[in-house]
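In case you want the letters, here they are:
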Amino acid sequence: MSLYTDYLAEIETRKTQNLHPKPIEDGALVKELIAQIKDTGNEYREDSIKFFVYNTLPGTTSAAGAKAKFLKEIILGEAVVEEISPTFAFELLSHMKGGPSVEVLLDLALGDDEAIAHSAAEVLKTQVLLYDADTDRLKDAYAAGNEIAKDILVSYSDAEFFTKLPDIDEEIKVVTYIAAEGDISTDLLSPGNQAHSRSDRELHGKCMISEKAQGEIQELQKQHPDKRVMLIAEKGTMGVGSSRMSGVNNVALWTGKPASPYVPFVNYAPIVAGTNGISPIFLTTVGVTGGVGIDLKNWVKKLDSSGKPILNNDGNPILEQKYSVETGTVLKIDTKDQKLYNEEGDEELVDVSSSFSPQKMEFMKAGGSYAVVFGKKLQTLACETLGIELKSAFAPSKEVSHPGQGLTAVEKIFNRNAVGVTPGTVLHAGSDVRVKVNIVGSQDTTGLMTSQELEAMAATVISPTLDGAYQSGCHTASVWDFKAQENTPRLMAFMHKFGLITARDPKGVYHSMTDVIHKVLNDITIDDWAIIIGGDSHTRMSKGVAFGADSGTVALALATGEATMPIPESVKVTFKGSMKDHMDFRDVVHATQTQMLDKFGDNVFQGRIIEVHIGTLLADQAFTFTDWTAEMKAKASICISQDDTLIESLGIAKSRIQIMIDKGMDNDAQVLKGLIDKADQRIAEIKSGEKPALAPDDSAKYFAEVVVDLDQIDEPMIADPDVNNIDVSKRYTHDTIRPISYYKAEKKVDLGFVGSCMVHKGDVKIVAQMLRNLEKQSGEVKFKAPLVVAAPTYNIIDELKVEGDWEVLQKYSGFEFDDNAPKTTARTDYENILYLERPGCNLCMGNQEKAAKGDTVLATSTRLFEGRVVEDSKEKKGESLLASTPVVVLSAILGRTPNIDEYKAAVEGINLTKFAPPLQKPQDTQSAHY
């Protein structure tokens, strides 16, 4: 069987799934197509031309290399194909966007045939994805007196690749489609349990919302061919939970515009909206595709005569509709006036200027943010080469500066890492600038898309300016099924070659590490002034400032070492009072959110930086707070640590990086060794007083300040998805947080889960210590519900074995993972026993393991979204309630939520958390968590 006949067989299989032929990335298959095209009598020739022209992936894929080479032969007359003229060949090269196509265009532009050279130059003038090897050729040719090279560089210096693009339409007509009521998780747009198909865009598109919704969107498009479908989160925020580039890809696939007639299933410019706008991380992803994200503000709080919100029986503000956006409503977006109007255009509905900043409009004009980022670099390089003054064609970085005003922690970090700003300018919140990125993380269910993005932008090697980058294997750690076996080695091989530290060795030299990515990034971040970009919403570090991002932004950061983003406003969080001995730090996290909502009514954290003055906690436990801030809809978070605490945290990070080195995970560039050296340097700076731990200025200005009263925290709390709330918009949010007494020890629990990035060593120790406690009290421990425990890292398990805790867990476990024989199928039935699962995300991810449908799950996880950890059954809605480790463990043993007396007895003698506000010196900062 040839590759081509194999491809035909695959096409027939895809037809049964109502799918088109899969785009071709294999150069060997393209070479077969070319051979059949050259053979004028070949029975497959017509289809081969079609596949070659319309179904071959561009960028740096091997398929693109073979395609570009053949197009070059056609242009030079070395091959003649009646259906592909030299002019058409140039057009095809122009749509291949970098890599081999640019190399071929340079060959032709700098060649001896003057007519061909001019034609190639005209195409090159439209391209922006040029790398050093490409621009070096142009510079050398220019230095040698080549007029064509000069002509191209002059065009680049004027940024004609951008200025000659058509401006965005002054009026965009839209027809609305309400995707759901309430917050829309990106799981609705791209379900986690379909993560394996994300790199197959057409196949993955089938999982967006529902088949019914897809049909309704298509029907709207038929009824309104001159309008764009705007996807809406009614009474909620669009895109909460994660960045999920695949979610934006799916929305674009169903509602956007094709990027090229010669690149299948890649659409751009989706329009999304929400009553409460777009989740910050998701909005970044929308910008990658040149899309529009709109804050509708179509529901407002009903006020009494004194101007205060009127509350319903649940204590929530009553909302009233300002204007309707029900499905099928026609609206107009005026991009010039930056207003949203009704269909007739005679009624202004809402100001949308925040959706059309100069920077965002450039993304829309260029078809996405990549073209703008690369375009800026290309224009600068051309001006430098020609020795002329740069007159940027792009909107200048937005520089907001308030003389005499101090800096918040995030403002300090951005000022240190800003690129291309006016010298001497002090930047404050509201600025929008390019910044140097220090650490990048790619996770395994989005990694294949990141690799595709890198190929599409013609990148072949990691930026040398990065301190380090890591590719995880945690999101597919639970089950080594055929999907993981097919995708993971391919991903690791690509990322290893690109220059990342990889969780698995592509050649199997070192033992695979399925440690949770956020934990690894938290360890390899060795600078509290760093900027971290990661392919997951929980990229939230206890050192530096970390931003969860889509796979495209991750790819851009890997390729360029930079990102472009606004400096967000900050909310300062401090603490007063003292913690009670029976409380866990997770309850401090819950209390922060409840006390904030009690004080402000609205979520002041949304879209902002949470600057938490947590000084007395080491990195692992401080991470529990920063990790949760993703669910608070914060843009990011920063921990303000005391000097001695930061030094100790850096020491722990060094030891863990050394373990990675000892395992053989360092690469030829010795990135991990370099991180240890940088950590030593940072420790020396702190000890000498040269550069203390990051702290804001006393005169810094905050959007709001929250003081958490620890004295008010007297019983454990549970974040409840409130699945039966009569107001649909209140379901599956993280705002309903209740004390355990609310449940009167009657809430049935079907499964407990201790795991995900929200736990660390201390949590697993608590499980062991509670088992000892309960065994001592009752003589034995029997589980009335299953308890799944997944430590986040192998280091934790190794340390627990040494300290004697692991054998306690083994005593009660009915299952213990075996890396030499990993599970090949996901568990569907659970017994009332303890399961010791492989390190990784496990149930929290929901793409492999799940609870039984309709279960009530009590978990330490971060995710309570519908269908994530547990799906609905026909009889009952699935519930994922979130609580501290001791509450989860005790609930699994009891089969229900405990009362306060049962809880106190179970944790007696366990040193849960010794935490005190930074201004107070704690008696002992150590706890079960270290």
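That block above? That's the structure.
For the structure given in this document, a descriptive report is provided here. Just so it is clear, the structure is predicted and the values come from calculations on it, not from any experiment.

The subject of this paragraph is the overall build of the protein chain. Within the protein chain, the secondary structure is distributed over 31 helices and 33 strands. Considered along the principal axes of its C-alpha atoms, the protein chain spans approximately 90 × 70 × 65 Å. Looking at the protein chain residue by residue over its 930 residues, the buried ones come to 61%. Look at the contacts in the protein chain between residues 6 or more apart in sequence, and 72% of them connect residues 24 or more apart. Surface exposure of the protein chain reaches about 35,400 Å², of which carbon and sulfur atoms provide 49%. Computed over 98 positive and 134 negative side-chain charges, the separation of the two mean positions in the protein chain equals 2 Å.

Before going further, it helps to spend a moment on the sheet that holds strand S23 (residues 609-615). Taken in spatial order, the 4 strands make up an open sheet running S24-S23-S22-S25, and their pairing is parallel. If you trace the sheet from one side to the other, it starts and ends with strand S24 (636-641) and strand S25 (704-709), each paired once. Strand-to-strand twist of the sheet, defined as the mean angle between neighbouring strand axes without regard to direction, takes the value 25 degrees. By the bridge criterion, 5 bridges tie S23 to S24 in an arrangement that is parallel. Bridge pairing links Ile609 to Ala636 in S24. Packing of helix H23 (residues 585-600) onto the sheet brings it into contact with strand S22 (570-576), S23 and S25, and relative to S25 it is tilted by some 130 degrees.

Read across the open sheet, the 7 strands follow the order S8-S7-S3-S1-S11-S12-S13; overall the sheet is mixed. Two strands close off the open sheet at either side, each with one partner strand: strand S8 (292-295) and strand S13 (348-351). Neighbouring strand axes in the sheet, compared pairwise and without regard to direction, differ in orientation by 30 degrees on average. Sheet analysis places strand S1 (residues 171-181) next to strand S3 (residues 228-234), joined by 7 bridges and oriented parallel. Following the sheet pairing, Val175 is matched in S3 by Val229.

The next thing to look at is the pairing of S8. Pairing of strand S7 (residues 271-274) with S8 involves 4 bridges; the strand directions are parallel. Across the sheet, Gly274 pairs through a bridge with Asp295, a residue of S8. In this fold, S7 hands off to helix H15 (residues 280-288), which returns the chain to S8; that crossover is right-handed.

This part takes up unusual backbone geometry. For Ile209, which is not glycine, the phi torsion reads 55 degrees and is therefore positive. Although it is not a glycine, Lys744 sits at a positive phi angle of roughly 55 degrees. In this fold, Lys744 is placed in the loop between strand S27 (737-739) and strand S28 (751-754). Residue classification places Lys744 among the exposed residues on the basis of a relative accessible area of 62%.

On to helix H6 (residues 100-109), then. Counting buried residues in H6 gives 8 out of 10 residues, a clear majority hidden from the surface. Among the residues making up H6, those that are buried are Pro100, Ser101, Val102, Val104, Leu105, Leu106, Leu108 and Ala109.

Let us now look at the packing of aromatic side chains. A full pass over the atoms with the stated rule returns 16 aromatic pairs. Consider the rings of Tyr7 and Phe51, whose centres lie 5.3 Å apart with planes at 80 degrees: the pair is edge-to-face. In this pair, Tyr7 is assigned in helix H1 (residues 3-16) and Phe51 in helix H3 (residues 45-54), connecting sequence segments 44 residues apart. Counting every residue linked through ring pairs, the aromatic cluster contains Tyr4, Tyr7, Tyr44 and Phe51. Of note, Lys365 hangs over the ring of Phe162, and the distance from its end group to the ring centre comes to 4.5 Å. Sitting over the ring of Tyr794, Lys663 keeps its end group 5.7 Å from the ring centre.

Next up on the list: the environment of Val325. If you trace the backbone, Val325 turns up in the loop between strand S10 (319-321) and strand S11 (330-334). Taking the C-alpha atoms as reference, Val325 lies 44 Å from Ala64; in sequence the two are 261 residues apart.

Thresholds applied
Residues numbered from 1 in each chain as written. Predicted model: local features only at pLDDT ≥ 70, side-chain atom pairs only at ≥ 80, totals over all residues. Heavy atoms only, no water. Helix = DSSP H or I, 4+ residues; strand = E, 2+ residues; numbered from the N terminus. Buried < 20%, exposed > 50% of the residue type's maximum accessible area, 1.4 Å probe, protein only. Contact = heavy atoms within 4.5 Å. Areas by Shrake-Rupley, 256 points an atom, 1.4 Å probe, with all protein chains shown as cover. Lys, Arg positive; Asp, Glu negative; His and termini not counted. Charge placed at Lys NZ, Arg CZ, Asp CG, Glu CD. Pairing = 2+ DSSP bridges. Axes fitted to C-alpha atoms, helices over the stretch in contact; angles between N-to-C directions. Right-handed = clockwise from strand over helix to strand, strands pointing away. Phe/Tyr/Trp six-rings, centres within 6.5 Å; stacked < 30°, edge-to-face > 60°. Lys NZ or Arg CZ within 6 Å of the ring centre and 35° of its normal.

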